[in-house]
Amino acid sequence: MKEMGERLTAIIDLVKPDQKVADIGCDHAYVSIELAKKKNCSVIAVDIKEGPLGIAKENIRAAGLEDRIETRLSDGMTELKKGEADALVIAGIGGHLIIDILKAGQDKLRPGMQLVLSPQSDLRLVRYELRKLNCFIEKEVVLRDSDKWYFVLSCQVGMSLFQPVSEEEAKKDMMYGKYLPEHPTDVFREYMKWEEQGLEDLITSLSKQKTPAARARQGALKKQLEENRLIQERIG
C-alpha cells in the first residue's frame, strides 16, 4: 500500500464509521482499504475501467480484505442497488462529473445518506447543485497537498430530497461555502490570501484587454475579490 497523502487522509477521516460505503471511482482502492481498516466499513469499490479495478482487486487481496470489500465494474452508480449503501465517496474527478453521477443516480440517494466529495474543479457548481438536490454540507476541509489546493466536503442528503429548492437558496454561500468562513482554519486563511493574490493578478492582466468578454470577466473577478476580502476581514 502506498502512503496516504493529506487529501486521501482527509477523505477517510470524514467518513463516519461502521457504514456500508460505495467508493465511486475507486481507482486502485486505496481509500476503500483504509475505510475497511480504520473505520470498520464494508465497501463496494466501483470503477468504470477494468484496468484500475483489476489493480484494486489485487490490492484488496494483498490486504486480506476480500470479505470486507467488493469490487464492481460500473459507470457511476449504475450498478449500485437502491438502499445498498449508507454513504458515497466520490473524489479525484471534476465537479461537473460528480454532479452528473449524483443526478444520474438520484434514485440511489436516500435521506440521511452521507456524501463525502472532493471535486478537482468547479467547487462553486458543486455547492450550488448539492443544494438543488437538497443535500446539505455539514463540514468542509481545505488543504494543500503536493502544492495543490483541495477541498473535501462531508454532506448529508436531506429529508426533502425531491422538493425543489429556489435559485436564491441554491446560490447562497456557493462562492466560499458556509462552514469554512464560520470555522476558519489557518489553512483556509492561507488559501484566501493565495486566492486574493491570484484574483488581483488576473484583474490586472484583463485590464489590458479591451474586448467585451474581458470586461465582463474582469467585473466578475472584482466581485469575487470583494467577497474574498470581506471574508478575510471577518475571519481575521
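Up top is the structure these notes are about.
Residues numbered from 1 in each chain as written. Predicted model: local features only at pLDDT ≥ 70, side-chain atom pairs only at ≥ 80, totals over all residues. Heavy atoms only, no water.

K.L.:
Please explain the overall build of the protein chain as it appears in this structure.
P.N.:
Per the secondary structure count, the protein chain includes 9 helices and 7 strands. Radius of gyration (C-alpha) of the protein chain: 19 Å, near the 18 Å computed for a compact globule of 236 residues. When the backbone C-alpha atoms are referred to their principal axes, the protein chain occupies close to 60 × 40 × 35 Å. Expressed as a percentage of its 236 residues, the buried residues of the protein chain come to 47%. Summing over all exposed atoms, the protein chain offers an accessible surface of approximately 12300 Å²; the carbon and sulfur share of this is 49%. Separation between the mean location of the 37 positive side-chain charges and that of the 39 negative ones in the protein chain comes to 3 Å. (Helix = DSSP H or I, 4+ residues; strand = E, 2+ residues; numbered from the N terminus. Rg over C-alpha atoms; globule rule 2.2 N^0.38 Å. Buried < 20%, exposed > 50% of the residue type's maximum accessible area, 1.4 Å probe, protein only. Areas by Shrake-Rupley, 256 points an atom, 1.4 Å probe, with all protein chains shown as cover. Lys, Arg positive; Asp, Glu negative; His and termini not counted. Charge placed at Lys NZ, Arg CZ, Asp CG, Glu CD.)

K.L.:
Honestly, the packing of aromatic side chains in this entry has me stumped. Any pointers?
P.N.:
Describing an aromatic ring pair means giving the distance of the ring centres and the angle of the ring planes. Considering all chains together, one arrives at 4 aromatic pairs under this definition. With 5.1 Å between their ring centres and 85° between their planes, F151 and Y191 make a pair best called edge-to-face. Pair noted here: F151 is in strand 7 (residues 148-157) and Y191 is in helix 8 (residues 186-206), with a separation of 40 residues, a long-range link. Y191 carries the same exposure label as F151, and that label is buried. Members of the aromatic cluster, each reached through a chain of ring pairs, are W149, F151, Y191 and W194. (Phe/Tyr/Trp six-rings, centres within 6.5 Å; stacked < 30°, edge-to-face > 60°.)

K.L.:
Got a minute to help me understand the nonpolar core in this structure?
P.N.:
What tends to happen in soluble globular proteins is that the nonpolar side chains get buried as a cluster. Counting 36 residues, the largest nonpolar core has L88, L102, L115, L117 and L130 as the members making the most contacts within it. Residue contacts for L102: discarding those within four places in its chain leaves M77, L88, I90, L109, L115, L117, L130 and L133. Formed by 28 residues, the second largest nonpolar core is a distinct cluster that contains I11, I12, L53 and A91. (Core = buried A, V, L, I, M, F, W, Y, C linked by side-chain atoms within 4.5 Å. Contact = heavy atoms within 4.5 Å.)

K.L.:
What should I look at first to understand the packing of helix 4 (residues 95-104) against helix 5 (residues 123-132) in this one?
P.N.:
The packing of two helices is summarised by the inter-axis angle and the distance between the axes. Where helix 4 meets helix 5, the closest approach of the two axes is 8 Å, and the angle between their N-to-C directions is 20°. In terms of axis orientation, helix 4 runs roughly parallel to helix 5. Helix 4 and helix 5 meet at a crossing whose hand is right-handed. Contacts between helix 4 and helix 5 involve G95, H96, I99, L102 and K103 from the first element and L125, V126, E129 and L130 from the second. In terms of residue class, the contact of helix 4 with helix 5 is built from 5 nonpolar, 2 polar and 2 charged. (Axes fitted to C-alpha atoms, helices over the stretch in contact; angles between N-to-C directions. Parallel < 35°, antiparallel > 145°, perpendicular 65-115°, else oblique. Left-handed = near helix turned anticlockwise from the far one by under 90°. Nonpolar A, V, L, I, M, F, W, Y, C, P; charged D, E, K, R; others polar.)

K.L.:
Teacher, can you tell me more about a negative patch on the surface here?
P.N.:
There is a patch of like negative charges on the surface, built from D173, E182, E226 and E227. The residue E182 is located in helix 7 (residues 179-182) in this model. Note on E182: relative accessible area 49%, which makes it partly exposed. (Patch = residues over 30% accessible without salt bridge, like charges linked within 9 Å, V, L, I, M, F, W, Y side chains within 5 Å. Salt bridge = Lys/Arg side-chain N within 4 Å of Asp/Glu carboxyl O.)

K.L.:
What's the story with helix 5 in this structure? I'm lost.
P.N.:
Since the α-helix advances by 3.6 residues per turn, residues separated by three or four positions end up pointing in the same direction. Of all 10 residues in helix 5, 7 are buried, a share of seventy percent or more. Of all the positions in helix 5, only L123, V126, R127, Y128, E129, L130 and R131 are classed as buried. On its buried side, helix 5 packs onto helix 4, strand 5 (114-118), strand 6 (135-145), strand 7 and helix 6 (167-171). N134 sits one or two positions beyond helix 5 and adopts a positive phi of about 60°.

K.L.:
Looking at this structure, I do not really get unusual backbone geometry. What am I missing?
P.N.:
One can expect most non-glycine residues to show negative phi and most peptide bonds to be in trans. The backbone of N134 sits at a positive phi, close to 60°, despite the residue not being glycine. Within the secondary structure, N134 is located in the loop between helix 5 and strand 6. The backbone phi angle of S146 is positive, close to 55°, even though this residue is not glycine. Among the structural elements, S146 can be located in the loop between strand 6 and strand 7.

Any link to function would need more than the numbers given here.
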